[in-house]
Amino acid sequence: EAGVAQSPRYKIIEKRQSVAFWCNPISGHATLYWYQQILGQGPKLLIQFQNNGVVDDSQLPKDRFSAERLKGVDSTLKIQPAKLEDSAVYLCASSLDGTTYEQYFGPGTRLTVT
Amino acid sequence: AQRVTQPEKLLSVFKGAPVELKCNYSYSGSPELFWYVQYSRQRLQLLLRHISRESIKGFTADLNKGETSFHLKKPFAQEEDSAMYYCALLIQGAQKLVFGQGTRLTINP
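Owing to the predicted nature of the structure, the values given are computational and were not obtained by experimental measurement.

A. Just the sheet that holds strand 7 (residues 65–68) of chain A, in detail. All names here are of chain A. Read across the open sheet, the four strands follow the order 1-3-8-7; overall the sheet is antiparallel. Two strands bound the open sheet, and with one partner strand each, they are strand 1 (5–7) and strand 7. The average undirected angle you get between the axes of adjacent strands in this sheet is 15 degrees.

Dropping the structure here:
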């Protein structure tokens, strides 16, 4: 089966600019996650969707980050405006039905904010 | 507070030697723990979870509630075990994972 797809793979922007990341989960997976992984740290959950509804966005900096999952399939994560501390790898993952441990990860998008 | 601690950022052992990657957790509920692995240029993937009590690629991990630990062990390390390893805790109810900061394991020939 095809894995989780993410684009772009790399992005370099200047602070105060905007950026958007795209994720296509495994077909049929109802649950989608966005993680932020800062260098030297483990992944940190930003937002979790069940179909097109938000389950958990408690760690999403809502003043600058937003995410949506229209039609319960693809998802986009946006940062506007970006700060230097947003430099990280953004990982998307999906799972079949919310059995959270069995998550399938995408390759990630490496964001550098200068 | 829920927390996962992996005290070693880097661990280096020789091929054929035993390896143990440490993981400690802090959680008030009933813990469910996992090990995820990321090989070079590959995606993060599930290695094993404690409730399945299985051995994957020769690795085992036992949950010790008294010591709040979930260490990953392998009796004889192989070069292909070199990777980044993350311990993760499932937060019940919220159904989300909290990851440790990871340990980079290097197996020397």
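B. Layout of the packing of aromatic side chains. All told, the structure shown has ten aromatic pairs over all chains when counted by the stated rule. For the pair A:Y35 and B:F99, a centre-to-centre distance of 5.8 Å together with 85 degrees between the ring planes defines the contact as edge-to-face. A residue pair is termed interchain when its members come from two chains, as with A:Y35 in strand 4 (residues 31–37) and B:F99 in strand 10 (residues 96–99). No difference in accessibility class separates A:Y35 from B:F99, as the two residues are buried. Ring plane angle 40 degrees and centroid distance 6.4 Å describe the contact between A:F65 and A:Y90, whose orientation is recorded as tilted. With A:F65 in strand 7 and A:Y90 in strand 9 (residues 88–95), this residue pair connects regions lying 25 residues apart in the sequence.

C. Expanded view of the pattern of salt bridges. Tallied over the full model, the rule gives seven salt bridges over all chains. A salt bridge links A:D86 to A:R64; the shortest N-O distance between them is 2.5 Å. With a gap of 22 residues between them, A:D86 in the loop between strand 8 (75–79) and strand 9 and A:R64 in the loop between strand 6 (53–56) and strand 7 connect regions that are remote in the sequence. Judged on exposure class, the residue A:D86 and its partner A:R64 are both buried. Through salt bridges that share partners, B:E20, B:K22 and B:K73 make up one connected network.

D. Spotlight on the pairing of strand 6 (residues 45–49) of chain B. Residues and elements named next belong to chain B. With four bridges joining them, strand 5 (residues 33–38) and strand 6 adopt antiparallel strand pairing. Directly across from F34, in strand 6, lies its bridge partner R49. Following strand 5, the chain reverses through six residues before pairing antiparallel with strand 6; R41 in that reversal takes a positive phi of roughly 65 degrees.

E. Representation of the state of the cysteines within the structure. Scanning the model with the defined rule gives two disulfides over all chains in all. The disulfide partner of A:C23 is A:C92, and the gap between their sulfur atoms is 1.9 Å. Handedness here is read from the sign of the S-S torsion; for A:C23 and A:C92, about -70 degrees, the answer is left-handed. Of this pair, A:C23 sits in strand 3 (residues 19–24) while A:C92 sits in strand 9; the two residues are 69 residues apart in sequence, bridging distant segments of the chain. Residue B:C23 pairs covalently with B:C87 via a disulfide, S to S 2.0 Å. Judged by the torsion about the S-S bond (-65 degrees), the B:C23/B:C87 disulfide is left-handed. With B:C23 in the loop between strand 3 (19–21) and strand 4 (24–26) and B:C87 in strand 9 (residues 83–91), the pair connects residues that are 64 residues apart, well separated along the chain. This pair shows no difference in class: B:C23 is buried, exactly as B:C87 is.

How each quantity is defined
- Residues numbered from 1 in each chain as written.
- Chains lettered and ligands numbered in written order.
- Predicted model: local features only at pLDDT ≥ 70, side-chain atom pairs only at ≥ 80, totals over all residues.
- Heavy atoms only, no water.
- Pairing = 2+ DSSP bridges.
- Helix = DSSP H or I, 4+ residues; strand = E, 2+ residues; numbered from the N terminus.
- Axes fitted to C-alpha atoms, helices over the stretch in contact; angles between N-to-C directions.
- Phe/Tyr/Trp six-rings, centres within 6.5 Å; stacked < 30°, edge-to-face > 60°.
- Buried < 20%, exposed > 50% of the residue type's maximum accessible area, 1.4 Å probe, protein only.
- Salt bridge = Lys/Arg side-chain N within 4 Å of Asp/Glu carboxyl O.
- Disulfide = S-S within 2.5 Å.

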